[in-house]
Amino acid sequence: LFKGGATGGSVDCCCFVNGTTFLSGGQDGAVSLWTMFKKRPVFTRQGAHASVDEKVGVHRWIHSLAACPNTDMVASGSG
């Protein structure tokens, strides 16, 4: 149903913020905010974590996401 970002990377984690909004993170290093009412992300933060190599521009995979329900506070983890 939902279509990923331009890089086409896989989604490794997701978490709900509230009943209609959720986050996703994956191997392209981006964290995306989604709503159930659109098939594309409402907002995407490319390179949410520091690059492995700034010259190449390869970003760390997002492995985990957490959200404080019904707030704008979220956390992501990569390794």
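So, here's what we can say about the structure. (Residues numbered from 1 in each chain as written. Predicted model: local features only at pLDDT ≥ 70, side-chain atom pairs only at ≥ 80, totals over all residues. Heavy atoms only, no water.)

The subject of this paragraph is the pairing of strand β1 (residues 11–16). The pairing of β1 with strand β2 (residues 21–26) spans five bridges and is classified as antiparallel. Bridge pairing links Phe-16 to Phe-22 in β2. The turn linking β1 back onto β2 is made up of four residues. (Pairing = 2+ DSSP bridges. Helix = DSSP H or I, 4+ residues; strand = E, 2+ residues; numbered from the N terminus.)

In spatial order, the strands read β1-β2-β3-β4; together these four strands make up an open sheet with antiparallel pairing. Taken across any chain shown, the strands that pair with only one partner, and hence form the sheet edges, are β1 and β4 (43–45). Taken pair by pair, the neighbouring strands of this sheet meet at an average axis angle of 20°, ignoring direction. With three bridges connecting them, strand β3 (residues 31–35) and β4 associate as antiparallel partners. Across the sheet, residue Ser-32 finds its bridge partner in β4, namely Thr-44. (Axes fitted to C-alpha atoms, helices over the stretch in contact; angles between N-to-C directions.)

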